[in-house]
Amino acid sequence: MKTFNSVAALRTQIADWKKAGLRIGFVPTMGNLHAGHFALVELARQHSDKVVASIFVNPTQFGPNEDYARYPRTPDSDINGLAGKACDALLLPSVEEMYPFGTMGCVQMHVPGITDILCGMHRPGHFNGVAQVVARLFNMVQADVAVFGRKDYQQLQVIRYMATEMSFPTRIIPAPTLREADGLAMSSRNQYLEDEQRQTATFIYQTLNFMKDQASLGMPIHGIEAEAKQRLEMMGFVVDYAEIRRSDLSRAIEPNEKNLLALIAARLGRTRLIDNLEFDFA
Ligand code: AMP
């Protein structure tokens, strides 16, 4: 695997591959890679000839009181892991490379509508930062396909919207959520959890399943959401939201509608965890 710190060098490599008729798959990440990320690399490989990953902890998607400074950075083990997954290239840009006029002087992005709800409501500006960095990465890599995890479902929807609306030529491929044996969605943030919190964290997946089961019984949606929130709070979570939505993230009306998903964002101490579960009763 070749590692690139500069976009110019990566572009030369990608131009060579494209000249040879090869298709490029792209997996953007913030590093501290786990099996969930590596599954994205494998999925990208199924849709392309050369896989490019990127690691960049993007400052513009973190709020002032969020974990940008302490976000886990493990470049050596990430590089080994990606090489072991036969990733072909890794882009490791600096903040200066990504934002040549600084993070205050950069072009702003805003995807309207879906960024005002759920995580967008609780992390103001977060999805603007995500759109901003993904647009830059898409321009840098010019991939044929890019893979994003369903674990960050709202992020996936924001990127799909942006890519369609701005005519990016990169096709977005969603990847299933990888979980630990007890159901907890894999996440770089899980390592912030103390032992007891780690045990409690499994309750998120249990609650998502509870929401799905209640919906399958036809229970009213607002009642399901209220009970889910209450159950999480009883376990010690501070709940940002526990909601049932349609797959386009509009509000679901009937519990047994098609293409629904339950979504939870909840905090244990300083650690914010998100997860979702898709279900379809059709
Ligand atoms: P991150 O490094 O957290 O920004 O995530 C990079 C990519 O990996 C995003 O597309 C995430 O949705 C995806 N991802 C993170 N955790 C998981 C997981 N447990 N299963 C599948 N994809 C994941």
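As the structure is a prediction and not an experimental result, all values here were calculated from the model.

Here we come to the overall build of the protein. Regarding its fold elements, the protein presents ten helices and nine strands. Relative to its length of 282 residues, the protein is compact, with a C-alpha radius of gyration of 19 Å against a globular reference of 19 Å. Dimensions along the principal axes, computed over C-alpha positions, put the protein at roughly 55 × 40 × 40 Å. Sequence-distant contacts, at least 24 apart, represent 72% of the contacts inside the protein between residues at least 6 apart. Total accessible area on the protein stands at roughly 13100 Å², and carbon and sulfur atoms take up 51% of it.

Most peptide bonds take the trans form, and the phi angle of most residues other than glycine is negative. Positioned with a positive phi, Ala86 is a non-glycine residue whose angle comes to about 60 degrees. Mapped onto the fold, Ala86 is located in the loop between helix H3 (75–84) and strand E4 (89–91). In this model, Gln142 sits at a positive phi of 50 degrees, which is unusual for a non-glycine residue. If you trace the backbone, Gln142 turns up in the loop between helix H6 (126–141) and strand E5 (145–149).

Our focus in this paragraph is the sheet that holds strand E9 (residues 271–279). Backbone-to-backbone hydrogen bonds pair the strands of a sheet. The strands run either parallel or antiparallel. Read across the sheet, three strands follow the order E7-E8-E9 without closing on themselves; strand pairing throughout is antiparallel. The two strands at the open ends of the sheet, each matched to only one other strand, are strand E7 (238–246) and E9. Strand-to-strand twist across the sheet, computed as the mean angle between neighbouring axes with direction ignored, equals 10 degrees. Pairing between E7 and strand E8 (residues 260–268): eight bridges, direction antiparallel. Looking at the pairing, Val238 lines up with Arg267 of E8. Contacts between helix H10 (residues 221–234) and the sheet are confined to E7 and E8, with E7 contributing the most and set at about 155 degrees to the helix.

Our next topic: the pairing of strand E3 (residues 50–55). With five of its six residues buried, E3 lies for the most part within the structure. In this sheet, E3 lies alongside strand E2 (residues 24–29) in parallel orientation, the contact comprising six bridges. Across the sheet, Thr29 pairs through a bridge with Ile55, a residue of E3. Note that the unit made of E2, helix H2 (residues 35–46) and E3 has a crossover that is right-handed. In this sheet, E4 lies alongside E3 in parallel orientation, the contact comprising three bridges. Looking across to E4, one finds that Ser54 is bridged to Leu91. This β-α-β element, E3 to H3 to E4, shows right-handed connectivity.

Time to look at the pattern of salt bridges. When their charged atoms lie close together, side chains carrying opposite charge are able to pair. Taken as a whole, this structure holds 18 salt bridges when the rule is applied. We note a salt bridge from Glu42 to Lys85, for which the minimum N-O separation is 3.4 Å. Of this pair, Glu42 sits in helix H2 while Lys85 sits in the loop between H3 and E4, and the two are 43 residues apart along the sequence. A salt bridge links Arg272 to Asp240; its shortest N-O distance comes to 2.8 Å.

This next bit is on the nonpolar core. Ranked by size, the top nonpolar core spans 45 residues in total, and within it Val52, Phe138 and Val141 carry the most contacts. Among the secondary structure elements, those contributing two or more residues to this core are helix H1 (7–19), E2, E4, H6, E5, helix H7 (153–165) and E8. The biggest single contributor to this core is H6, with ten residues. Here this core spans two domains, since at least three of its residues come from each of domain 1 (2–175) and domain 2 (188–277). When residues no more than four places from it in sequence are discounted, the contact partners of Val52 are Leu10, Ile14, Trp17, Ile24, Gly25, Phe26, Val27, Cys87, Ala89 and Val141. Of all hydrophobic cores here, the second largest spans 26 residues; its members include Phe203, Ala215, Ile221 and Leu260.

Reading the values: the criteria
Residues numbered from 1 in each chain as written. Predicted model: local features only at pLDDT ≥ 70, side-chain atom pairs only at ≥ 80, totals over all residues. Heavy atoms only, no water. Helix = DSSP H or I, 4+ residues; strand = E, 2+ residues; numbered from the N terminus. Rg over C-alpha atoms; globule rule 2.2 N^0.38 Å. Contact = heavy atoms within 4.5 Å. Areas by Shrake-Rupley, 256 points an atom, 1.4 Å probe, with all protein chains shown as cover. Pairing = 2+ DSSP bridges. Axes fitted to C-alpha atoms, helices over the stretch in contact; angles between N-to-C directions. Buried < 20%, exposed > 50% of the residue type's maximum accessible area, 1.4 Å probe, protein only. Right-handed = clockwise from strand over helix to strand, strands pointing away. Salt bridge = Lys/Arg side-chain N within 4 Å of Asp/Glu carboxyl O. Core = buried A, V, L, I, M, F, W, Y, C linked by side-chain atoms within 4.5 Å. Domains from an automatic or database assignment.

Everything listed here is a matter of coordinates, which is why it stays silent on function.
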